[in-house]
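# Overview (structure and organization)
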Amino acid sequence: MGEPDAALAPEDLLHFVKALDCRGTLHIAFSGGLDSTALLLALAQLRTQLSVPLNAIHVNHGAHPAAATWAEHCQGVCD
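Anyway, here's the lowdown on the structure attached to this text.

Reading the values: the criteria
- Residues numbered from 1 in each chain as written.
- Predicted model: local features only at pLDDT ≥ 70, side-chain atom pairs only at ≥ 80, totals over all residues.
- Heavy atoms only, no water.
- 1 Å grid on protein atoms, 1.4 Å probe; cavity = no way out; pocket = protein on both sides within 12 Å on 5 of 7 lines; lining within 4 Å.
- Points joined across faces, edges and corners; volume = space filled by probe spheres on them.
- Helix = DSSP H or I, 4+ residues; strand = E, 2+ residues; numbered from the N terminus.
- Nonpolar A, V, L, I, M, F, W, Y, C, P; charged D, E, K, R; others polar.
- Buried < 20%, exposed > 50% of the residue type's maximum accessible area, 1.4 Å probe, protein only.
- Arc of directions from axis to C-beta.

One number sums up the size of the largest pocket: a volume of about 180 Å³. In terms of lining, the largest pocket is formed by Leu-40, Leu-41, Ala-44, Arg-47, Leu-54, Asn-55, Ala-56, Val-77 and Cys-78. Contributions of two or more residues to the lining of the largest pocket are made by helix H2 (34-45), strand S2 (54-57) and helix H3 (67-78). Here the residues of the lining of the largest pocket are counted per class, giving seven nonpolar, one polar and one charged.

Turning to helix H1 (residues 10-19), a few remarks are in order. Every buried residue of H1 is listed here: Leu-13, Leu-14 and Val-17. Buried residues of H1, viewed axially, fall in a sector of 100 degrees; they line one side. Seen from the buried face of H1, the exposed residues on the opposite side, beyond 90 degrees, are Glu-11, His-15, Phe-16 and Ala-19. Count one or two residues on from H1 and you reach Asp-21, which has phi positive near 55 degrees.

Structure (structure tokens):
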């Protein structure tokens, strides 16, 4: 397996999201981990160019001892 070619450019992400043809709110599953945080922050920077509102959703299943801490972290990022 080789190295990735390049990071996803903001305009490519915007093009991808607009191609989804969302008719309502764009909902992002937000675990609080690196991947979902990077995606959410990138979309937040593009939100004025999105044609729909952006909403992050975090589900606290309580399955991990630090679940409440993760939920607080996610709320803090969104705030």
